[in-house]
Amino acid sequence: MANYIFVTGGVTSSLGKGIISASLGKLLQARGYSITIQKLDPYINVDPGTLNPYEHGECYVTGDGAETDLDLGHYERFIGHSTSQANNVTTGAIYRSVIEKERRGDYLGETVQVIPHITDEIKQRIKTLGQNHAYDYIITEIGGTVGDIESLPYIEAVRQLRWEMSQNSIVVHLTLVPYLGAAAELKTKPTQHSVKTLQESGVQPDVIVCRSEYSLNEALRNKIALFCNVEVSSVIESIDASSIYDVPLLMQKEHLDRVVLKKLGMPYEDEPDLEHWKDFLYRLKNPRRKVIIGLVGKYVELKDAYKSITEAFVHAGAENECKVHLRLLKAQDMETEEGVERLKGLDGLCVAPGFGERGFEGKINAIKYARESETPFFGICFGMQTAVVEFARNVLGYNDAHSTEVEPKTINPVIDIMETQKNVTDKGGTMRLGAYPCHIEKNTLTHKIYGQPDISERHRHRYEFNNAYREEFTTHGMKMSGIFPGQDLVEIIELENHPWFVGVQFHPEYRSTADKAHPLFVAFVKAALDNKK
Ligand code: GLN
């Protein structure tokens with residue numbers, strides 16, 4: 001039977017429950033167990049696909065096409081294998097399913113209530129992952145903070161599951177132990193209160209992970225243990241780390257994995273094999289060179305808006321033994337000449353995915369600069385589409401060329417809505433989503449980079465390259481090097497007379513992990529390094 005580990009959070013949000021869950025997952029995986037990590041989000045949106053990045057940071061996309069919380073990105077980057085639709089569930093999705101059942105008459109006239117119907121649906125979404133012996137451990141992270149009104153049904157579901165499966169499940173509670181400068185002390189009271197709130201809902205945590213700026217001494221650990229009803233060895237310190245990738249090792253040092261295994265009645269004497277991980281960390285922390293890469297986007301002031309891209313650069317930097325300095329550039333600022341001036345001195349330029357008009361012309365200017373100055377360029381999704389428009393305008397001479405997403409009336413729609421998207425009216429979950437195969441032409445840069453002709457990458461878009469222009473682009477030096485064979489969609493473009501100019505319709509960043517940096521990012525960083533020479 002699978003073991004279930006529930007991760008709850010108290011005191012404040014943003015304590016890093018996702019990183020703790022991913023780190024625990026990594027430690028168990030490094031002991032040879034199969035694990036998966038799931039996130040339950042208490043908001044009413046059916047998925048985060050319709051949320052803008054200001055609300056919720058990046059939207060992460062799984063191979064099977066789920067638009068999910070960015071924590072799933074952390075899970076995959078740490079664990080190295082795919083999550084799925086079942087790994088992210090929101091209150092909206094839970095209610096939608098219960099209401100659909102009610103409309104179908106499945107409840108046979110019963111009054112449909114939060115308990116048991118909503119909680120049953122939550123429990124079922126948790127247990128689904130444990131079916132068919134697919135995993136030894138299922139880590140379920142409960143979004144939000146204990147005590148939130150909207151988290152209550154989730155905590156109740158955890159209480160019931162704990163009661164149903166007793167020794168096969170545990171609760172890890174993450175809290176904050178703040179440092180009060182005036183008193184020059186770490187304070188445990190917020191932790192005590194948040195554990196009390198959890199206990200009021202009938203849930204006793206088994207392990208308490210204390211996020212803190214300073215180390216917890218023995219007296220503090222004893223105090224937390226006493227007030228929160230846990231063993232001292234189950235009070236784990238999670239000190240602020242310089243890199244999220246340090247956290248698995250910090251948790252190992254605190255014996256989080258051992259404590260969890262012991263509580264679940266599993267053997268815990270062996271140590272996890274983290275050689276590969278340590279290797280990655282060593283390269284990450286001992287760079288021999290440095291490159292400066294500009295990341296142009298609409299939301300660059302927002303730390304989490306391009307999470308998977310910034311992390312993919314961390315992985316690719318480590319792989320190249322170099323420190324990638326990302327210079328975040330607001331697309332709108334590139335609309336002036338002074339803005340474009342700021343691109344000088346960059347070793348490479350990446351234009352991020354995006355939607356809509358704001359900043360589009362700035363991206364065009366930035367790409368023109370990269371193309372003409374032979375600066376390595378990497379365009380992702382909207383970044384690739386903008387590169388196509390730039391080429392059409394400035395090389396083919398179609399001054400009015402555009403994407404119909406931005407200018408529906410353009411006479412030269414070099415990027416146009418996909419046939420399959422034309423009649424779509426609902427915005428949620430209806431883009432071209434998830435992994436699709438792509439065939440790469442021989443004798444192209446991308447073929448060399450991937451080292452194989454057939455790849456699979458994840459997508460999230462409604463627009464595509466307009467094939468009516470294909471021949472003209474090809475004759476003028478923009479190659480269509482990757483094609484989705486099923487529908488003849490252009491997935492990769494590259495420039496012939498340029499050292500490194502690649503645009504991809506897909507999102508390679510979703511597949512980059514700490515253990516396996518994505519080849520396109522690795523090659524782009526390498527090109528930026530060469531450009532430096
Ligand atoms: N807005 C573009 C489209 O829908 C690109 C989307 C993206 O960059 N993810 O096709």
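Residues numbered from 1 in each chain as written. Predicted model: local features only at pLDDT ≥ 70, side-chain atom pairs only at ≥ 80, totals over all residues. Heavy atoms only, no water.

K.L.:
Quick question: what am I supposed to make of the site of the ligand here?
P.N.:
As a structural note, the neighbourhood of the ligand is formed by Pro 353, Gly 354, Phe 355, Cys 381, Phe 382, Gln 385, Glu 405, Arg 460, His 461, Arg 462, Tyr 463 and His 507. A distance of 2.9 Å is found between a nitrogen atom of the ligand and a backbone nitrogen or oxygen belonging to Gly 354. One of the backbone N or O atoms of Tyr 463 is found 2.9 Å from an oxygen atom in the ligand. Expressed as a share of its isolated accessible area of 290 Å², the protein-covered part of the ligand is 99%. Of all the secondary structure elements, the ones that give two or more residues to the shell around the ligand are helix H15 (382-394) and strand S19 (454-461). (Near = heavy atom within 4 Å. Polar contact = N/O pair within 3.5 Å; in protein donor to acceptor, adjacent residues only side chain to side chain. Areas by Shrake-Rupley, 256 points an atom, 1.4 Å probe, with all protein chains shown as cover. Helix = DSSP H or I, 4+ residues; strand = E, 2+ residues; numbered from the N terminus.)

K.L.:
Please explain the pairing of strand S22 (residues 489-495) as it appears in this structure.
P.N.:
Residues in a regular strand project their side chains so that they alternate between the two faces of the sheet. The buried fraction of S22 amounts to seven of the seven residues, a majority that puts the element mostly inside the structure. Bridge count for strand S21 (residues 478-484) against S22 is six bridges, and the pairing is antiparallel. Counted as the bridge partner of Lys 479 is Glu 494 from S22. Here S21 folds back onto S22, and the loop between the two strands holds four residues, one of which, Asp 488, carries a positive phi near 55°. Count of turn residues in the S22/strand S23 (residues 501-504) antiparallel hairpin: five residues. (Buried < 20%, exposed > 50% of the residue type's maximum accessible area, 1.4 Å probe, protein only. Pairing = 2+ DSSP bridges.)

K.L.:
Before we go on, may I ask you to explain the pattern of salt bridges in this structure?
P.N.:
Side chains carrying opposite charge are able to pair once their charged atoms draw close together. Taken as a whole and judged by the stated rule, the model has 42 salt bridges. Lys 422 serves as the salt-bridge partner of Glu 419, at 3.0 Å between the closest nitrogen and oxygen. With a closest N to O distance of 3.2 Å, Arg 470 and Asp 488 form a salt bridge. Residue Arg 470 is located in helix H17 (residues 470-475), and its partner Asp 488 is located in the loop between S21 and S22; the two are separated by 18 residues in the primary sequence. One network of salt bridges, with partners in common, ties together Lys 39, Asp 41, Asp 69, Asp 71 and Glu 141. (Salt bridge = Lys/Arg side-chain N within 4 Å of Asp/Glu carboxyl O.)

K.L.:
Any chance you could explain the nonpolar core here in plain terms?
P.N.:
When a protein is soluble and globular, its nonpolar side chains tend to lie buried together. Of all hydrophobic cores here, the largest spans 42 residues; its most connected members are Ile 5, Tyr 137, Val 172, Val 209, Leu 256 and Val 260. Top element by residues in this core is helix H1 (residues 17-29). It accounts for six residues. With 40 residues, the next largest nonpolar core counts Phe 377, Leu 396, Tyr 469 and Met 478 among its residues. (Core = buried A, V, L, I, M, F, W, Y, C linked by side-chain atoms within 4.5 Å.)

K.L.:
Can you help me understand the sheet that holds strand S18 (residues 432-440) in this one?
P.N.:
Strand pairing in a sheet is mediated by backbone hydrogen bonds. Such pairs are either parallel or antiparallel. On the basis of which strands lie adjacent, the open sheet formed by nine strands has the order S13-S12-S14-S15-S23-S22-S21-S18-S19 and mixed pairing. Both outer strands of the open sheet, strand S13 (322-330) and S19, are each paired with one neighbouring strand and no more. In this sheet, adjacent strand axes meet at a mean angle of 25° when their direction is disregarded. Sheet topology places strand S15 (residues 377-380) next to S23; four bridges connect them, and they run parallel. Its bridge partner lying in S23, Ile 380 is registered against Val 504. Against the sheet, helix H12 (residues 307-319) engages strand S12 (289-297), S13, strand S14 (348-351) and S15, with an angle of about 155° to S13. Helix-sheet contacts for helix H18 (residues 519-532) involve S12, S13, S14, S15 and S23, and the interaxial angle to S12 is about 115°. (Axes fitted to C-alpha atoms, helices over the stretch in contact; angles between N-to-C directions. Contact = heavy atoms within 4.5 Å.)

K.L.:
Please explain the side chain of Asp 206 as it appears in this structure.
P.N.:
Relative to the assigned elements, Asp 206 resides in the loop between helix H7 (189-200) and strand S10 (207-212). On the basis of relative accessible area, Asp 206 is assigned to the buried category, the value being 14%. Only 3.3 Å separates the side chain of Asp 206 from the side chain of Arg 162, close enough to count as a polar contact. Among the polar contacts listed, one links the side chain of Asp 206 to the backbone nitrogen of Val 171, at a separation of 2.7 Å. What Asp 206 contacts, discounting residues up to four positions off in sequence, is Arg 162, Ile 170, Val 171, Val 230, Ser 234 and Lys 263.

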